[in-house]
Amino acid sequence: MADNVRELRPKLPDSEKLTVNLGFVDLGHIDLMVRDGFYANRADFIRTAVRNQIERQGEAVKQSVSRKQLRLGMSYYSRQTLEAARDAGTPIHIQVLGLASIGLDVTPELARAAIASVEVLGAFQASPAVKAALADRIA
């Protein structure tokens, strides 16, 4: 039975690693709060701080997302979706706040024929060849 199971799209990570340089005193404050049990670890503190800032500016962010017509969350562009766009003569404008992912079976030629522009605030996942083919269309 397991031989009949096939993956429709690859499992994508739900986060991306980010390096932040902090001063020693700020780092010490974080370590103090972790040691005192306010946070599980440094990463937990930083994630919480980022979420709090996003929430604090929530209304302005919502207006900006709406004004720029960004899709929120994860957007997956399969080979079939891009072939349909190419065949219809209506190139796709990828505008995402979150994660935009292009199928691993998408060729550079198909990507160029089907994608007019790419603006991703977050992470953009595609094969190196597709990214290279779209380099002049990525904002």
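A.B. asks: How do you make sense of the layout of surface pockets when you look at a structure like this?
C.D. replies: To find leftover empty space, one rolls a probe the size of a water molecule over the atoms. In this structure, the largest pocket occupies an estimated 620 Å³ of space. Around the largest pocket, the lining comprises 15 residues; the ones closest to its centre are Ser 15, Glu 16, Leu 18, Arg 47 and Val 50. Mapped by element, the contributors of at least two residues to the lining of the largest pocket are α2 (42–56) and β2 (92–102). Tallied by class, residues from the lining of the largest pocket come to eight nonpolar, two polar and five charged.

A.B. asks: I'm lost on the nonpolar core in this one. Help?
C.D. replies: Soluble globular proteins tend to pack their nonpolar side chains together in the buried interior. In this structure, Tyr 77, Leu 82, Ile 94, Ile 102, Ile 115, Phe 124 and Leu 134 are the most contacted members of the largest nonpolar core, which totals 19 residues. The set of elements that each furnish at least two residues to this core consists of α4 (79–88), β2, α5 (108–114) and β3 (115–125). Tallying contributions element by element places β2 first for this core, with five residues. With residues up to four places along the chain from it excluded, the contact list for Ile 94 reads Tyr 77, Ala 100, Ile 102, Ile 115, Ser 117, Val 118, Glu 119 and Val 120.

A.B. asks: Looking at this model, I keep getting lost on the sheet that holds strand β1 (residues 71–77). Mind explaining?
C.D. replies: Think of a sheet as strands paired side by side through backbone hydrogen bonds, with each pair either parallel or antiparallel. The three strands lie next to each other as β1-β2-β3, forming an open sheet whose pairing is parallel. Only two strands of the sheet have a single neighbouring strand rather than two, namely β1 and β3. Averaged over all neighbouring strand pairs, the angle between strand axes comes to 40°, with direction disregarded. Sheet topology places β2 next to β3; ten bridges connect them, and they run parallel. Looking at the pairing, Gly 98 lines up with Gly 122 of β3. Relative to β2, α4 is tilted by about 165°, and along the sheet it contacts β1, β2 and β3.

A.B. asks: Help me out: how do you make sense of the pairing of β1 in this one?
C.D. replies: As a general feature of sheets, a regular strand has side chains that alternate between the two faces. In terms of strand pairing, β1 meets β2 through seven bridges, oriented parallel. Paired with Arg 71 across the two strands is Val 96, which belongs to β2. Crossover β1 to β2 through α4 is right-handed.

Rules and cut-offs
Residues numbered from 1 in each chain as written. Predicted model: local features only at pLDDT ≥ 70, side-chain atom pairs only at ≥ 80, totals over all residues. Heavy atoms only, no water. 1 Å grid on protein atoms, 1.4 Å probe; cavity = no way out; pocket = protein on both sides within 12 Å on 5 of 7 lines; lining within 4 Å. Points joined across faces, edges and corners; volume = space filled by probe spheres on them. Helix = DSSP H or I, 4+ residues; strand = E, 2+ residues; numbered from the N terminus. Nonpolar A, V, L, I, M, F, W, Y, C, P; charged D, E, K, R; others polar. Core = buried A, V, L, I, M, F, W, Y, C linked by side-chain atoms within 4.5 Å. Buried < 20%, exposed > 50% of the residue type's maximum accessible area, 1.4 Å probe, protein only. Contact = heavy atoms within 4.5 Å. Pairing = 2+ DSSP bridges. Axes fitted to C-alpha atoms, helices over the stretch in contact; angles between N-to-C directions. Right-handed = clockwise from strand over helix to strand, strands pointing away.

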